[in-house]
Amino acid sequence: LAATGVLDLTRAALGVALFLVLARVVTPTEAVRSINLNVIVMIAFSIGLGRAVAESGLATAVADGLLSVTSNWGDLGIVLGIALGTLLATELLTNNAAAALMFPVAVATAETAGMDVRPLAIVILLLASCSFLTPIGYQTNTMVFGMGGYRFTDFTRVGLPLTLTTLAVTVLLVPVVFPLR
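As a starting point, this report considers the structure included with it. Given the structure is predicted, the values throughout are model-derived calculations rather than measurements.

**Digging into the side chain of Thr 70**
By the secondary structure assignment, Thr 70 is in helix α4 (residues 58-70). Thr 70 sits in the buried class, given a relative accessible area of 5%. Residue contacts for Thr 70: discarding those within four places in its chain leaves Gly 77, Ile 78 and Gly 81.

If you want it as structure tokens, here you go:
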């Protein structure tokens, strides 16, 4: 129903959850216990952060700075700038916060440069989920870091080639699959 547009995704998901409880596939206690408030708070924070970046004018300021640095390299340079900004943000924040922070910047950049925003959004989508350099950018990295006895530099040593490969493939292929203009 959500895919056809009959219901929006939120209502469809709530309807399925309610059906599962009514059909006794899960108990009400199990349903309540399965709600992870940390995830909900993190997503709400990320949405708020993205909205604040857009409405405060920070997105436009960052986009102008990004364009001044990358515009000499053409559209591919702009894609690379968004990609590098996303990679930096995802290593320092969470992937959700990185995406929420970079999306308004991508929109402002696309508007100023006369580009389609979709390829930049795809770059953000891909690279916000590629936290390979540090144990702090993604919760699984943090869990493995603590329990596995790894050092911070282990992530960088193994993650740097993976990050550079992902960056190169993304920056080169996204404009081919999703035209920039």
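Having put the structure on the table, let's press on.
**Considerations on the packing of aromatic side chains**
A complete count under the given rule lists one aromatic pair for this structure. Ring geometry for Tyr 150 against Phe 155: centres 6.2 Å apart, planes inclined by 75 degrees, an arrangement best described as edge-to-face.

**Quick word on helix α6 (residues 95-113)**
An ideal rise of 1.5 Å per residue puts 27 Å on 19 residues; α6 measures up with 26 Å between its terminal C-alpha atoms. Where α6 is concerned, the buried positions are Asn 95, Ala 97, Ala 98, Ala 100, Met 102, Pro 104, Val 105, Ala 106, Ala 108, Thr 109, Ala 110 and Ala 113.

**A short note on the packing of α4 against α6**
The description of two helices packed together rests on the angle between their axes and the distance between the axes. Where α4 meets α6, the closest approach of the two axes is 8 Å, and the angle between their N-to-C directions is 60 degrees. With respect to each other, α4 and α6 are oriented oblique. The handedness of the crossing between α4 and α6 comes out as right-handed. Along its contact with α4, which presents Ala 59, Thr 60, Val 62, Ala 63, Asp 64, Leu 66 and Leu 67, the element α6 presents Pro 104, Val 105, Ala 108, Thr 109, Thr 112 and Ala 113. A class-by-class count of the residues in the contact of α4 with α6 yields nine nonpolar, three polar and one charged.

**Digging into the pattern of salt bridges**
Any two side chains of opposite charge can pair, so long as their charged atoms come close to each other. For the coordinates displayed, the defined rule picks out five salt bridges. The closest approach of N and O atoms between Asp 75 and Arg 181, which form a salt bridge, is 2.8 Å. Of this pair, Asp 75 sits in helix α5 (residues 74-92) while Arg 181 sits in the segment after α9 (152-177), and the two are 106 residues apart along the sequence. Look at Arg 181 and you get exposed, because its relative accessible area is 57%. Taking the shortest distance from any N to any O, the salt bridge between Asp 154 and Arg 151 comes out at 3.3 Å.

Cut-offs used in this document
- Residues numbered from 1 in each chain as written.
- Predicted model: local features only at pLDDT ≥ 70, side-chain atom pairs only at ≥ 80, totals over all residues.
- Heavy atoms only, no water.
- Helix = DSSP H or I, 4+ residues; strand = E, 2+ residues; numbered from the N terminus.
- Buried < 20%, exposed > 50% of the residue type's maximum accessible area, 1.4 Å probe, protein only.
- Contact = heavy atoms within 4.5 Å.
- Phe/Tyr/Trp six-rings, centres within 6.5 Å; stacked < 30°, edge-to-face > 60°.
- Expected span 1.5 Å × (residues − 1).
- Axes fitted to C-alpha atoms, helices over the stretch in contact; angles between N-to-C directions.
- Parallel < 35°, antiparallel > 145°, perpendicular 65-115°, else oblique.
- Left-handed = near helix turned anticlockwise from the far one by under 90°.
- Nonpolar A, V, L, I, M, F, W, Y, C, P; charged D, E, K, R; others polar.
- Salt bridge = Lys/Arg side-chain N within 4 Å of Asp/Glu carboxyl O.

Geometry only, nothing functional implied.
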